[in-house]
Amino acid sequence: MSESASLFSHFVSTRGTFRWLSILIVASAAVAWIAVGFDIAEIRLFGRIGMGLATANDRAAHGYVRQVVLTSQLTMLIRTAIAFMTWLYRCRANLRAFGTRHLRYSRNWAVFGFLIPVLNLVRPYQVAREVWQASDPSATDPFGWKAIRPPRL
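The structure contained in this document is the topic of the report that follows.

About the thresholds
Residues numbered from 1 in each chain as written. Predicted model: local features only at pLDDT ≥ 70, side-chain atom pairs only at ≥ 80, totals over all residues. Heavy atoms only, no water. Salt bridge = Lys/Arg side-chain N within 4 Å of Asp/Glu carboxyl O. Helix = DSSP H or I, 4+ residues; strand = E, 2+ residues; numbered from the N terminus. Buried < 20%, exposed > 50% of the residue type's maximum accessible area, 1.4 Å probe, protein only. Core = buried A, V, L, I, M, F, W, Y, C linked by side-chain atoms within 4.5 Å. Axes fitted to C-alpha atoms, helices over the stretch in contact; angles between N-to-C directions. Parallel < 35°, antiparallel > 145°, perpendicular 65-115°, else oblique. Left-handed = near helix turned anticlockwise from the far one by under 90°. Nonpolar A, V, L, I, M, F, W, Y, C, P; charged D, E, K, R; others polar. Expected span 1.5 Å × (residues − 1). Contact = heavy atoms within 4.5 Å.

## Section: the pattern of salt bridges
Pairs can form between side chains of opposite charge once their charged atoms are near each other.
Now for step 1: Here the structure, examined in full by the defined rule, presents 3 salt bridges.
Now for step 2: Linking Glu42 and Arg66 is a salt bridge whose minimum nitrogen-to-oxygen distance equals 3.1 Å. Separated by 24 residues along the polypeptide, Glu42 in helix α1 (residues 15–51) and Arg66 in helix α2 (residues 56–97) bring together distant segments of the chain.

If you want it as structure tokens, here you go:
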């Protein structure tokens, strides 16, 4: 082994990824509120259709706006999911740089855990719990992180 080789992995900052994730979460919330407003408008349109007051142009315009809203929601969901998986992957990768040892889940599970059906119901939680425990500043022993209890929520 050379003198410059280290047993620790290199630390990768998660600051930029977290900023993008925060921005995308706020943007997703804004798009969700727009969708709520659209749903209210849709209920009003159904009432007007029931009374015979809605025109074909009203229905066509509403159908177009529906597609725009749904496409916006899906786009924001995908972008936010990718940013979150990237952030969790980097957090998990940094545990080696902190000196933590004997982790149960590899950093690849931070991504694959979301993509495998049925397993995606538990594995992301397990990976996030492990990252939470192992990155706790009170865990000074590389193996003592397992004794730290994660919060219930």
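Right, picking up where we left off after that structure.
## Re unusual backbone geometry
It is generally the case that most residues other than glycine have a negative phi and that most peptide bonds are trans.
Now for step 1: Positive phi outside glycine occurs at His102, with the angle close to 60 degrees.
Now for step 2: When you line up the elements, His102 lands in the loop between α2 and α3 (109–115).
Now for step 3: Positive phi, close to 70 degrees, is recorded for Val118, a residue that is not glycine.
Now for step 4: For Val118, the location among the structural elements is in the loop between α3 and α4 (123–134).
Now for step 5: What makes Val118 exposed here is its relative accessible area of 65%.

## Examining the nonpolar core
Now for step 1: Membership of the largest hydrophobic core is limited to 9 residues, which are Leu88, Cys91, Leu95, Tyr105, Ala110, Val127, Val131, Ala134 and Trp145.
Now for step 2: Of all hydrophobic cores here, the second largest spans 5 residues; its members include Leu21, Leu24, Val31 and Met76.

## A closer look at the packing of α1 against α2
Now for step 1: Two numbers describe how α1 lies on α2: the axes approach to 9 Å, and their chain directions differ by 155 degrees. Judged by the inter-axis angle, α1 sits roughly antiparallel to α2. The two elements α1 and α2 cross, and the hand of that crossing is left-handed.
Now for step 2: Residues of the contact of α1 with α2, tallied by class, amount to 18 nonpolar, 7 polar and 7 charged.

## What to know about α1
Now for step 1: Between its first and last C-alpha atoms α1 spans 54 Å; for 37 residues at 1.5 Å apiece the expected length is 54 Å, and the two agree.
Now for step 2: Among the residues of α1, Thr17, Leu21, Leu24, Val31, Ala35, Phe38, Glu42 and Leu45 are the ones counted as buried.
Now for step 3: Residues of α1 that are buried make contact with α2.
Now for step 4: Taken from the residues just after α1, Gly52 is the one with a positive phi, measuring 80 degrees.

## So, the environment of Pro150
Now for step 1: Along the chain, Pro150 turns up in the segment after α4.
Now for step 2: A C-alpha to C-alpha distance of 9.9 Å links Pro150 and Ala128, two positions 22 residues apart in sequence.
Now for step 3: Aside from chain neighbours lying at most four places away, what touches Pro150 is Arg129, Trp132 and Gln133.

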